[in-house]
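Below, each chain spelled out in residue letters.
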Amino acid sequence: IKEKILLLQLLLLLPASSSSDVLSLELKRSKTMASWDPSNMSQDDFMRKDECLVVNYADEVIGHENKYNTHKFVIGQPKGIVHRAFSVLLFDTEGRLLLQQRAASKITFAQVWTNTCCSHPLYGMKPDEVDSPQATLSGNPIGVKNAAVRKLKHELGIEGLDPSRFEFITRVHYWASDVDTHGPESPWGEHEIDYILAYQLQPGENLQVKPEPDEVMAVAWLNARELEAAMDDTQRFPLWSPWFKIIARRFLLPKWWNDLNALCSPNNNKFADFETIHRFDCHEMNQVLGAGGAVAGFLDALNKQENAHIKNKKKIALDTEHTQMLMDIATTTAELRGLNKAATNKNLKQGAYGKVFTHKHSLLSQLLQPREVFSALRLKLGPGRLPTKLATVPADGNHGFMEQSDIDFCDDMLGRVSRSFAAVIRQLPQGLALDVCIFYLVLRALDTVEDDMQYYQGKEKEKEDRLRNFATKELEDTECSVNELGEGDEKLLLQQFNKVVRVYKALPQASREVIADVTLKMGNGMANYVSAELAQGTTDIMAYNAYCHAVAGLVGEGLTRLFVANGYENTELEAEGDLKWPFCDAKNPQQNLGLANSMGLFLQKTNIIRDYLEDYVDGRAFWPKSLWRQYANCDELGEFTRPTARGGIDMKIFTQSNIASVVQKGASERSLYCLNALITDALDLAPDALEYLRRIQTPRIYRFCAIPQVMAIATLAECFDNQDLFTGVVKIRKGLAARAILDTARGHDATLIWFHTFASDILNKLPKTRADQKTKQHLEKACRAIISIAKPAIKAKRKSDSILLSIAGISAAVILGIGLKVFLR
């Protein structure tokens, strides 16, 4: 009752965005709480149902996962998932250690000899088996001790041991592939932070050992000398567990066994070390070959680094863990590249660790869409192609004198830094195209400053200042040249930014005011995130929306203001839509640019969803934690990349049937559940985006705005329920994009038809979609809202098609009649 009252008090204190997350976790925990009953359970049952405690490299519990998933050593998680374990050393009164030989039916490390009992504390047990860092550092991890009592009874039939008499000695972090049981391509292994527990029987204390055959095939009591001989006796004791080799050879034989009284003493344990996590790679028998050699050892190096920098041990450990996560992801990229023989560097996007794979449609799949092929050719060669150069600046008196070389530079840079936006900007009205081009280049330069993760490392305050002052300093400096930032074309843009500034200075005053104002606001918004910890995404939906406003909503505002200020659109475009944004002035709904923000956020959320992997690898992710944590099993956004979190059915990677069957055991599809929830959130913006488009009066401005919106809904449909998103960047077919681009020239009804098409595609997939019921209901509502808006356009198209069909029928009849008449002559 006290716990429930405390939970309710907590929920009342938390913001609304967090309370649902906490509640869902509490409900999940309450469902898991149950007495653990091993009777009539197989090894498969234990692997599926037992939930290990997932920990980070600092041994902090961050979640839970079933035994199957934590012990898989496969592409994408070649070292498994690090979790908490324990190893019991049970001595009799004569100082002999009880050993066990694991049963042949064990899935991992079968038939190996090891210490008395080695297993895992579990999530959701009674009594509780989860220990806090404070409990560990105090030397009394009672949860681990409870787990030891439970498993000693299960495996060896040992009952009556007092949990308080287990002496916690220290922790060992190791990982090892099970090559003994499964060979060099082993898909199984252990990656644990192992709590070492010692227990010695007292004189006169009786102990009955009754091994469970499905767990233990043999036991032996050995003294120190006998154990040393046994570990070298490959006839009687051919196999030993990697964790016990570490314990025995590093600690037990050279140190601990020399003074068992001290080892098992509650008050005088001279060997106890509660703070240190000893880290070891298992080099014997190639046990560091994760996923068949995809990765190599790293813990020995981490151990040395920690010992050399004691005060920074935790940061070093967590940084190493993140590096290892990125290397795990790299195994998937390497596998995809190896399987795709046609892959070149063009299939790979630059990320923090080199390359992120880009999933593209095959040439055959494109050729099977003849209308799209025709559209692509028409867009590139025919009358529908978009301009490749900016139009000549009009002599309208609004634009001042500009050097043609400066204009040419800006036009060239536009094509270099954004091929997709360049074409739609160039087709804008003659008096507006250059203004929007400069607006884009200024924001691209600002974005290059924000994206830098190297030059400003350790100089975050300098980066913040540059972002905040960019509009008043760099944008006003006709000699501006920034040499230390960017790569490739972006670097060239900054080096010769003075040319952009000179053209900017010659723009109409109204355009300059808009560009300067938006640049100032965006620079301040970006500066607010410089020191923010974004490795695990934004905090909640509110922060997610605020970030999207800062980097995309403001762009929508700026473009709208440029359209209106230059006389191409009226003020209706500046109004609020159905969605109310906290960053838009609620007191001025007719001019608060709410619709423009919705349009910008729709594009940005689509990009953030699609670029999940690339952003995560770069160390700056944006998926809102309050949402993704509802689906993840731990506090690690990168866990969605693991095959065990996306169903384990990726046949692009797991081509061997035996490996594929392993990966699927115990796997969930929580990655896709989360993805589809985020797509649902983005689709809520579509009605406002369509309303914005409806209000545009100038055809070329309409096309400029409509093309990205159609690309966004097409991309969301491509990403929907698509596990490829977690192994690379997902792209729509080029032919599909070309066809949609051409159609936008036909006006708003054509755009509505495309939105109807993609919303219907998503809706049709709904019955088999990996999503919870609440998301499915929300998703259906969002899709039907889009379909409803597009319904008049669909009716008009059907009517038009019917008329055309009738005309074609009449024409055919006339031609046939004439032909028949001629024939009868």
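What counts and how
Residues numbered from 1 in each chain as written. Predicted model: local features only at pLDDT ≥ 70, side-chain atom pairs only at ≥ 80, totals over all residues. Heavy atoms only, no water. Helix = DSSP H or I, 4+ residues; strand = E, 2+ residues; numbered from the N terminus. Buried < 20%, exposed > 50% of the residue type's maximum accessible area, 1.4 Å probe, protein only. Contact = heavy atoms within 4.5 Å. Lys, Arg positive; Asp, Glu negative; His and termini not counted. Charge placed at Lys NZ, Arg CZ, Asp CG, Glu CD. Phe/Tyr/Trp six-rings, centres within 6.5 Å; stacked < 30°, edge-to-face > 60°. Lys NZ or Arg CZ within 6 Å of the ring centre and 35° of its normal. Salt bridge = Lys/Arg side-chain N within 4 Å of Asp/Glu carboxyl O. Pairing = 2+ DSSP bridges. Core = buried A, V, L, I, M, F, W, Y, C linked by side-chain atoms within 4.5 Å. Axes fitted to C-alpha atoms, helices over the stretch in contact; angles between N-to-C directions. Parallel < 35°, antiparallel > 145°, perpendicular 65-115°, else oblique. Left-handed = near helix turned anticlockwise from the far one by under 90°. Nonpolar A, V, L, I, M, F, W, Y, C, P; charged D, E, K, R; others polar. pLDDT = per-residue confidence, 0-100.

Here we take up the overall build of the chain. Tallying secondary structure elements over the chain gives 32 helices and 13 strands in all. Taken over the C-alpha atoms alone, the chain extends approximately 110 × 80 × 55 Å along its principal axes. Counting across all 825 residues of the chain, residues that qualify as buried make up 56%. Sequence-distant contacts, at least 24 apart, represent 72% of the contacts inside the chain between residues at least 6 apart. If the 98 positive side-chain charges of the chain are averaged to one point and the 102 negative ones to another, these points end up 6 Å apart.

Structurally, Asn 66 is set in strand β2 (residues 61-66). The residues touching Asn 66, leaving out its near neighbours within four places in the chain, are Met 47, Arg 48, Asp 50, Glu 51 and Gly 666.

Attention now moves to the environment of Cys 634. Its location among the elements puts Cys 634 in the loop between α25 (625-628) and α26 (657-664). Each C-alpha atom, one on Cys 634 and one on Val 55, is 8.6 Å from the other, the two residues being 579 residues apart in sequence. When near neighbours in sequence (up to four residues on either side) are disregarded, Cys 634 contacts Val 54, Ile 62, Gly 63, Trp 628, Arg 629, Glu 639 and Arg 642.

Quick look at the packing of aromatic side chains now. Tallying each qualifying case throughout the model produces 31 aromatic pairs. Taken together, a centroid distance of 5.5 Å and an interplanar angle of 85° make the contact between Phe 109 and Trp 243 edge-to-face. Of the two residues, Phe 109 sits in the loop between β4 (97-102) and β5 (113-114) while Trp 243 sits in helix α9 (residues 242-252), which places them 134 residues apart along the sequence. Note on Trp 243: relative accessible area 3%, which makes it buried. Aromatic ring contacts, followed pair by pair, group Tyr 612, Trp 623, Trp 628, Phe 640 and Phe 726 into a single cluster. A cation sits over an aromatic face here: Lys 151 above Phe 46, 5.7 Å from the ring centre.

In this section: the side chain of Glu 167. Secondary-structure assignment places Glu 167 in strand β7 (residues 167-177). Buried within the structure, Glu 167 lacks any salt-bridge partner; Lys 145 is the closest side chain of opposite charge, at an N-O distance of 5.6 Å. Those residues in contact with Glu 167 that sit more than four places away from it in its chain are Ile 196, Leu 197, Ala 198, Leu 263, Cys 264, Ser 265, Pro 266 and Asn 269.

This part takes up the environment of Thr 744. Assignment of secondary structure puts Thr 744 in helix α30 (residues 734-744). On the basis of relative accessible area, Thr 744 is assigned to the buried category, the value being 3%. Spatially, the C-alpha atoms of Thr 744 and Gly 63 are 47 Å apart, while their sequence positions differ by 681 residues. For Thr 744, the contacting residues outside a window of four places in its chain are Tyr 702, Arg 703, Ala 706, Ile 707, Val 710 and Thr 751.

Right, let's talk about the pairing of strand β1 (residues 51-55) for a bit. Of all the 5 residues making up β1, 5 are buried; the element is thus mostly covered by neighbouring parts of the structure. A two-sided burial pattern is seen for β1, the buried positions comprising Glu 51, Leu 53 and Val 55 on one face and Cys 52 and Val 54 on the other. When β1 meets β2, the two strands line up antiparallel, connected through 5 bridges. By the bridge assignment for β2, Glu 51 is matched with Asn 66. Between the antiparallel neighbours β1 and β2 lie 5 residues, among them Asp 59 with a positive phi of about 65°.

Quick look at the nonpolar core now. If you look at the biggest cluster of nonpolar residues, it comprises 148 residues, and the most contacted ones within it are Trp 623, Phe 640 and Leu 683. Membership of the second largest hydrophobic core comes to 38 residues, among which are Ile 196, Ala 198, Phe 237 and Cys 264.

So, about the pattern of salt bridges. For the coordinates displayed, the defined rule picks out 42 salt bridges. Between Arg 416 and Asp 412 there is a salt bridge; the shortest N-O distance is 2.7 Å. Here the residue Arg 416 and the residue Asp 412 both occupy positions in helix α15 (residues 404-417), the gap between them amounting to 4 residues, near one helical turn. Relative accessible area serves as the criterion here: at 33%, Asp 412 is assigned to the partly exposed category. With a closest N to O distance of 2.7 Å, Arg 694 and Glu 691 form a salt bridge. Taken together, the residues Arg 694 and Glu 691, both in helix α28 (residues 686-695) and 3 residues apart, mark about one turn of the helix. Of the residues examined, Glu 691 reaches a relative accessible area of 23% and is grouped as partly exposed.

Packed helix pairs are specified by the crossing angle of their axes together with the interaxial distance, meaning the distance between the axes. Between α15 and helix α19 (residues 488-495), whose axes approach to 9 Å, the crossing angle comes to 155°. In terms of orientation, α15 and α19 fall into the roughly antiparallel class. In this structure, the crossing between α15 and α19 has a hand that is left-handed. For the pair α15 and α19, the contacting residues are Phe 409, Met 413, Arg 416 and Val 417 in the first and Asp 489, Glu 490, Leu 492 and Leu 493 in the second. Classifying every residue of the contact of α15 with α19 by side-chain character gives 5 nonpolar, no polar and 3 charged.

A few words now on the environment of Pro 211. Positionally, Pro 211 belongs in the loop between β8 (189-200) and β9 (216-222). Residue Pro 211 is classed as partly exposed on the basis of its relative accessible area of 33%. Spatially, the C-alpha atom of Pro 211 lies 10.0 Å from that of Ala 103, the residues being 108 residues apart in sequence. In this view, Pro 211 contacts Glu 155, Leu 156, Val 216 and Val 219; residues no more than four positions away in its chain are not counted.

Turning our attention to the packing of helix α23 (residues 594-610) against helix α29 (residues 699-719). The interhelical angle for the contact between α23 and α29, taken along N-to-C directions, is 35°, at an axis separation of 10 Å. Considering how the two elements wind past one another, α23 and α29 form a crossing that is left-handed. Seen from α23, the contacting residues are Met 599, Phe 602, Leu 603, Thr 606, Ile 609 and Arg 610; seen from α29, they are Cys 705, Pro 708, Gln 709, Ala 712, Ile 713, Thr 715, Leu 716 and Cys 719. Grouping the constituent residues of the contact of α23 with α29 by class yields 10 nonpolar, 3 polar and 1 charged.

A few words now on the confidence of the model for the chain. Looking at the chain, pLDDT values average 88 and 90% of them are 70 or higher. Low confidence marks residues 341-354, where pLDDT is under 50. Its contacts with residues over four positions away, or in another chain, come to 33 contacts.

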